[in-house]
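Residue-level structure breakdown
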Amino acid sequence: MAGLVRKSFTSPAEIRPFQADKGRMELLELGGGSVGRATFEPGWRWSAHVKPIVGTDSCQASHVAYVIAGRMHVVMDDGEEAEFGPGDCMICPPGHDAWVLGDTPCIMIDWQGATHYAKG
């Protein structure tokens, strides 16, 4: 087993910008996979700012995430929807659209969907 590992989002391994400068996904590689910190700027919407990068009809990433700041509305392909805000944990399966609510950036840590998110 490897020893302690310390990584920080102050120097991520990779930064993936979203279209129209509406945010970014910062990635840390932690041996068994990636963890991402996503910053979604006000006005961000998956279908407008990530869909052109990945080319799918809806987001096909599966997210297990924690919301640090801001608010996000998620609508699943089957019509189910929910709103997430600071302190909320999210499990969001593939097949959804999402957008930022309000004038505050939505910042979240994603343990599951970051590896391939916003990767063309």
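Residues numbered from 1 in each chain as written. Predicted model: local features only at pLDDT ≥ 70, side-chain atom pairs only at ≥ 80, totals over all residues. Heavy atoms only, no water.

The name an unreviewed UniProt entry gives the protein is Cupin domain-containing protein, with Streptomyces abikoensis as the organism.

Observations concerning the nonpolar core
What counts here: Nonpolar cores are built from buried Ala, Val, Leu, Ile, Met, Phe, Trp, Tyr and Cys residues. Side-chain atoms within 4.5 Å join them into one set. Three exposure classes are used, based on accessible area relative to the maximum for each residue type with a 1.4 Å probe and protein chains only: buried under 20%, partly exposed in between, and exposed over 50%. The way it works is that DSSP assigns letters per residue, a run of H or I at least four long becomes a helix, a run of E at least two long becomes a strand, and they are numbered from the N terminus. Contacts: residue pairs with any heavy atoms within 4.5 Å of one another.
Core analysis: the largest hydrophobic core is formed by 25 residues, its most contacted members being Phe-18, Phe-40, Trp-44, Met-72, Val-74, Met-108 and Tyr-117. Where this core is concerned, the elements lending two or more residues are β2 (23–29), β3 (34–40), β4 (63–69), β5 (71–76), β7 (89–92), β8 (96–101) and β9 (106–110). The biggest single contributor to this core is β5, with 3 residues. Look past the residues within four positions of Met-72 in its chain and what remains in contact with it is Phe-40, Trp-44, Ala-82, Glu-83, Phe-84, Ala-98, Trp-99, Leu-101, Cys-106 and Met-108.

Points about the sheet that holds β4
Keep this limit in mind: What makes two strands pair is DSSP finding at least two bridges between them. Note on method: axes are straight lines fitted to C-alpha atoms, helices fitted across the in-contact stretch only, with angles between N-to-C directions ranging 0 to 180 degrees.
Ordered in space as β1-β2-β3-β9-β4-β7, the 6 strands form an open sheet in which the pairing is antiparallel. Bordering the open sheet on either side are β1 (14–17) and β7, each of which pairs with just one other strand. On average, adjacent strands in this sheet sit at an angle of 25° to one another, irrespective of strand direction. In the sheet, β1 pairs with β2 via 4 bridges, with the strands oriented antiparallel. Opposite Arg-16, over in β2, you have Met-25 as the bridge partner.

Quick word on the environment of Pro-52
Of note, Pro-52 is situated in helix α2 (residues 51–54). Its relative accessible area of 48% is what places Pro-52 among the partly exposed residues. Separated by 66 residues in the primary sequence, Pro-52 and Ala-118 have C-alpha atoms spaced 9.2 Å apart. With near-sequence residues (within four places) excluded, Pro-52 lies in contact with Gln-19 and Ser-47.

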